[in-house]
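Residues per chain are reported as follows:
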Amino acid sequence: MNQKGANDNTAGASGILPAGSKLGKYEIVERLGSGGQSIVYKGHDPLLDRYVAIKQVAPQLASDEKFTRRFREVARQLARLGCEEVVTLYELMEENDGLFVVMEFVEGHTIETTLTDHPEPIDPTAVLHIIWRIASGLTEIHQAGIVHRDIKPGNIIIGEKLKVTITDFGVAAKAGAAVSMKLGTTKYMAPELFAGGEVDGRADIYSLGMIAYEMLLGRLKFNEVFHDIVRDPHSEALRWMKWHSSPEQVAPPLSGINPDIPQALSVTVAKMLAKNPDERFTNIEELGREIRANFSSRTRRPVSRKHLRKKRRIAGAAPEGREQIERSRPVEDAESEPITAEIPKEPMPLRKKLAIAGAIAGVIIVGLLVYGVIDRSQQNKIRKEAQNHYDRAESLYKEASKADTSRAAKAKYADAMEVFKTVRNNKQYARQVVARQAEVMEYFCRARLAALEEDWPAAYAQFESTDKLTKQLQRSRGELYKWTQERERELREFDSWLTSRRHYVIEMNRAKKAVAEGKLDDADRILLEKAGPLALSDEQVAEIQTLRRDIKEKQKQGEYWRYIRRGDELAGSGNVDGAIGAWDQALAVLESARSAMSSNMYEDLKETAEKKKTSLITETNYAAAISEAEKAKKAGNLLVAAAAYEKADKIKPDKTVLAKARDLRHDHHLRLGRQHLTANRLKEAEQELKKAKSYKASPEIETELKKIVQIKNSRLLLDQGDGLFRQKKYEAALEKYEAAEKLSADAELRGKITDCRYYIELNAADVYRVKAEWSKAEAAYNKARQIKPAVSAEVDARLALLRQDRIYAEQFGAAEKALKARDLNEALARAEEAKLVRATPEVEQLIKRIRYEQQVALGTEAMNREDYNGASAYFRQAKRFLATPEIDKLIEQADKLKEAAASGSG
């Protein structure tokens, strides 16, 4: 966290931690600065002997459950990044004093400080370098699913060698999350951030474009370009919001303002600043490709000699900041104006230097030789012993990862953990690299053991501890750096494995519960669709296969007896074909399950079904089949009747009987199709109707199929309208809804049409209000209220603001008009009326001007009467309202005349 770029404007506020106080293990060194959302301190971590930055979230935000939940989620994601361009988060703390986040302490200066202290343009080469590094950090942030939402100069720190660090994620959120226009800095916010909808990484690209635009122009020229916005600090934020939200207002091309800015760079920044997100770069990676294509060393055009000789005005918070930027430039900057060196002091004679250096070196070498002889042997022995222990533990750890069963893996991991623990706790090994490696691997073992024991909270806790310790070691950039990179890769693999294993256990338990409850189909579906894809070991695959075999045997036996019972029922009712068909299906099921049951059971069940079938066949004939078919048809059992007719046809072929069977199947599926259509199950209805058509084509089927097409078209239009409505394209959504209404209307659709018309009028009224077209705005608001009376309160609120705007504008205009006509009393009255409606800086200034003019008029009148004392008093009263060169001259004139009059009378 940068310690030099925050504003200090809350000194003496309650809840501030004093220097020397404690926050957990951290000691507060000093308060660096504060703003509306947080206070930032410099702290010291005594355990790791390093400085940290501690951010205290504002109480009003810390008490907001929605904010804190989002804040924690984003903090967890950022803590895992490990990106050089993003400030490293160490810890999130919730104390009695509030919510705190502990992060990396970054030395350097913010871009805001640079622009403030040195408002001249920054060299395009340096700007490109800074943008490239910021984009690198944003790539990692966006890939983690986070949108920063407050990219601004004050949140970018430039350190040694132009190292860039992105800070302050206080308003960051997941991509696609809803935003609040109350958060962020309006000067650099993307237009979509004011709309209150969902945003993605393109919002950060827009903010980065604003930073690049300001750096390339310099703050002086930037403020000239946007004079109408920055002229009044009191309303600057609102003016920025209006400018960003207006598609018609765009920033002038950079190359048109400053020809020294490359055209390609001007085009790139313009695309970053597109008001419509779809017209910007799709993502940070696309921006990077654009920069690489236009400005890399392989594609850069030759630099003109004029440009080489031009003095670079590189801004920075201090001389060292400018030197860092200068050092980052290509070789072509070598022709810049040289910096005058300091006058050197008188040098020490070379012989004296050599003598002193030799004496010192001799003492050091002797000392080192003595110490080395004594210590080297002992250290080598300890190092070798520690390495042997670590290698043994690592061997056990690798054996555990290859174990065939969970039981064997747990035993190996437990053994490895104990050895790692021994290495870590041995004080003689404390100076050895393997001691720190062992500490990481001990946490790894604990995490894996917890996962194998299915203790998920413990597993994730140990995983977090491992990840945290690994990152701490990696930041040291020492000899463990490469080893920690390998551990980070293993952590990512473990995270994926842990998630898969946890879900596998959950799904297996669900499957076993379903089996116990007799829900065999559900159990098998869970095993195939859920548990199966999560099985990572042969042991898990075997467990699934065993359970599936058990399920299959139970399913087949249950299915077999259902068909047997069905056949018995049909036989009892005289439906011979139905009964035979049911028993045949029972035999087919039995045959498919033959490998899953004993031979004795298979033979017994097969004999039972075949006896039933043979017995019934021998007792039936064609006439009985026809009789049963007629009875089934009369009872409405159309499929049973059709099957009976078909069975009769097998006994005695008859085209008339087959035609009856087809008619029955047609009627059955037509009826089912209509039932599904009535219940709005279009897919099932279409399937049944097509089945009916396969038996016989009929006008009834074509009519129902046309209804399905009509309903589908209506739904498609409704979905399109919903999408447009969510994008706030109300006119286009209304068009889709009205088209859908023609096909199929309901209360919900009519409500959506009403909402569209309401928002169309409301938006039109807001536009009229901004343009000061009062009558049109009021008419549009009233029309919106007529369309949707239920929300009249919202419209009334806007009407009240409209009336205030109108009265204020009228009174202000009347005051200006009266002032121009020199009717000063009337002007003052109208200005006071305007102030009663809305006290703004501009009306305050107008009142001062009027009072000023009144006093000047009275003074002038006194001068004309030769009342120089009165004139001087009036003029001095006028100066209290406005100090102008004019009034100073009038006072001087009155005083001289007063003195002259006094001298004459004397």
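Above this text sits the structure in question.
What comes next is a walk through the structure. Just so we're clear, the structure is a prediction, and the values are computed from it rather than from any experiment.

Quick word on the packing of helix α16 (residues 433-452) against helix α18 (residues 481-516)
Then step 1. The contact between α16 and α18 brings their axes to 11 Å, and the two run at 10°. For the element pair α16 / α18, the angle class is roughly parallel. For the pair α16 and α18, contact is made by Q437, V440, M441, F444, A447, R448, A451 and L452 and by W483, R487, E490, L491, F494, W497, L498 and R501, respectively.
Then step 2. Residues of the contact of α16 with α18, tallied by class, amount to eleven nonpolar, one polar and four charged.

Quick look at helix α8 (residues 236-245)
Then step 1. All buried positions along α8 are accounted for by W240, M241, W243 and H244. Buried residues along α8 cover an arc of 165° about the axis, so they all sit on one side.

Section: the packing of helix α25 (residues 655-678) against helix α27 (residues 699-726)
Then step 1. Contact geometry for α25 and α27: axes closest at 11 Å, N-to-C directions at 25°. The angle between α25 and α27 places the two elements in the roughly parallel class. Pair α25 / α27 crosses with left-handed handedness. Contacts from H666, L670, R674 and L677 in α25 reach E700, I701, E704, K707, I708 and I711 in α27.
Then step 2. Taken together, the residues of the contact of α25 with α27 sort by class into five nonpolar, one polar and four charged.

Comments concerning helix α34 (residues 868-881)
Then step 1. Compared with the 20 Å implied by 1.5 Å per residue over 14 residues, the 20 Å span of α34 between its first and last C-alpha is a close match.
Then step 2. Residues of α34 that are buried include every one of Y868, G870, A871, S872, F875 and A878, and no others.

Regarding the environment of G288
Then step 1. Residue placement: G288 occurs in helix α11 (residues 284-295).
Then step 2. Between the C-alpha atoms of G288 and R133, which are 155 residues apart in sequence, the distance is 9.9 Å.

Description of the sheet that holds strand β2 (residues 26-34)
Then step 1. Spatial ordering of the open sheet is given by β1-β2-β3-β4-β6-β5, a layout of six strands whose pairing is antiparallel. Either end of the sheet is taken by a strand with one partner, and the two such strands are β1 (22-23) and β5 (89-95).
Then step 2. Sheet analysis places β2 next to strand β3 (residues 38-45), joined by six bridges and oriented antiparallel. Its bridge partner being in β3, E30 is matched across the sheet by K42.
Then step 3. Strand contacts of helix α2 (residues 65-79): β4 (50-57), β5 and β6 (98-104), with the helix running at about 155° to β5, the strand carrying the most contacts.

Things to note about the nonpolar core
Soluble, globular proteins show a tendency: their nonpolar side chains are buried together.
Then step 1. Membership of the largest hydrophobic core comes to 77 residues, with the highest contact counts inside it found for I111 and I134.
Then step 2. Considering every element that reaches this core, the biggest residue donor is helix α5 (residues 202-217), with eleven residues.
Then step 3. With 53 residues, the next largest nonpolar core counts A400, A459, A523 and I544 among its residues.

Quick look at empty space enclosed by the protein
Then step 1. Evaluated as defined, the whole model comprises four cavities of 30 Å³ or more.
Then step 2. Estimated volume of the largest cavity: approximately 110 Å³.
Then step 3. Together, 13 residues line the largest cavity, and F71, L89, V101, F169 and G170 are the ones closest to its centre.
Then step 4. For the lining of the largest cavity, the secondary-structure elements that each account for two or more residues are α2 and β6.
Then step 5. Looking at the lining of the largest cavity, the element that brings in the most residues is α2, giving four residues.

Examining the sheet that holds strand β10 (residues 164-166)
Then step 1. Strands sit in the order β7-β9-β10 across an open sheet of three strands; the sheet is antiparallel. Strands at the two margins of the open sheet, each flanked by one partner only, are β7 (109-110) and β10.
Then step 2. When β7 meets strand β9 (residues 156-158), the two strands line up antiparallel, connected through two bridges. Its bridge partner being in β9, H109 is matched across the sheet by I158.

Brief notes about unusual backbone geometry
Then step 1. Positive phi, normally seen in glycine, also occurs at N680, with a value near 70°.
Then step 2. Within the secondary structure, N680 is located in the loop between α25 and α26 (682-695).
Then step 3. With phi around 65°, A772 is a residue other than glycine that occupies positive phi space.
Then step 4. As for its placement among the helices and strands, A772 is situated in the loop between α29 (747-770) and α30 (774-787).

Observations regarding the packing of aromatic side chains
Then step 1. Applying the stated criterion to the full structure yields 21 aromatic pairs.
Then step 2. Each ring, one from Y51 and one from F105, has its centre 6.5 Å from the other, and the planes form 55°; the classification is tilted. Remark: F105 occurs in the loop between β6 and β7 and Y51 occurs in strand β4; sequence separation between them is 54 residues.
Then step 3. The exposure class of Y51 is partly exposed, given its relative accessible area of 45%.
Then step 4. The class for F105 is buried, based on a relative accessible area of 13%.
Then step 5. Among the aromatic residues, those joined into a cluster by ring pairs are Y397, Y413, F444, F463, F494 and W497.
Then step 6. The ring of W243 has K275 lying over it, and the distance from NZ or CZ to the ring centre is 4.1 Å.
Then step 7. Over the ring of W497 we find R448, and its NZ or CZ is 5.8 Å from the ring centre.

Details of the side chain of H669
Then step 1. Within the fold, H669 resides in helix α25.
Then step 2. A residue is classified by how much of its surface remains accessible, and H669, at 9% relative accessible area, is buried.
Then step 3. Reaching out from H669, the side chain makes a polar contact with the side chain of E688 at a distance of 2.6 Å.
Then step 4. Residues within four places of H669 in sequence aside, it is in contact with E688, L689, K691, A692 and Y695.

Quick notes on the rules
Per chain, residues are indexed from 1 in the order of the written sequence. Per-residue local features are limited, in this predicted model, to residues with pLDDT of at least 70; the limit for side-chain atom pairs, both in listing and counting, is 80 or more; totals at the level of whole chains, interfaces and linings are taken over all residues. As a convention, hydrogens and water are excluded, and side-chain values are obtained from all of the structure's heavy atoms. Axes, fitted as lines to C-alpha atoms, cover a helix only where it is in contact. Angles between the N-to-C directions of the axes lie from 0 to 180 degrees. Helix and strand labels come from DSSP, where a helix needs a run of H or I of at least four residues and a strand needs a run of E of at least two; each type is numbered from the N terminus. We call two directions roughly parallel when the angle between them is under 35 degrees, roughly antiparallel when it is over 145, roughly perpendicular when it lies between 65 and 115, and oblique otherwise. Contact criterion: two residues are considered in contact whenever any of their non-hydrogen atoms come within 4.5 Å of each other. The residue classification treats Ala, Val, Leu, Ile, Met, Phe, Trp, Tyr, Cys and Pro as nonpolar and Asp, Glu, Lys and Arg as charged. All others, Gly included, are polar. Working definition: with a 1.4 Å probe on protein chains only, accessible area under 20% of the residue-type maximum means buried, over 50% means exposed, and in between means partly exposed. Directions are taken from the helix axis to each C-beta atom, and the arc is the one they span. It is the rotation of the near helix from the far one that decides the hand of a crossing: anticlockwise by less than a right angle makes it left-handed, clockwise makes it right-handed. For a helix, the expected span equals 1.5 Å multiplied by the residue count minus one. By this definition, two strands are paired if DSSP reports at least two bridges between them. In this description, a nonpolar core means a group of buried Ala, Val, Leu, Ile, Met, Phe, Trp, Tyr and Cys residues linked to one another through side-chain atoms lying within 4.5 Å. Whether a set of points on the 1 Å grid over the protein atoms alone is a cavity depends on a 1.4 Å probe fitting there but being unable to get out, while an open set qualifies as a pocket with protein on both sides within 12 Å along at least five of seven lines; lining residues are those with an atom within 4 Å of a point. Grid points are joined across faces, edges and corners, and a volume is the space filled by probe spheres set on the points. Only rings of Phe, Tyr and Trp enter the pairing, Trp through its six-membered ring, and a pair is recorded when the two centres are within 6.5 Å. The plane angle decides the type: under 30 degrees is stacked, over 60 is edge-to-face, the rest tilted. Either the NZ atom of lysine or the CZ atom of arginine qualifies as a charge over a ring when it sits within 6 Å of the ring centre and within 35 degrees of the ring normal. We call two N or O atoms a polar contact when they sit within 3.5 Å, provided that within protein one can donate a hydrogen and the other can accept it, with sequence-adjacent residues counted only if both atoms are side-chain atoms.

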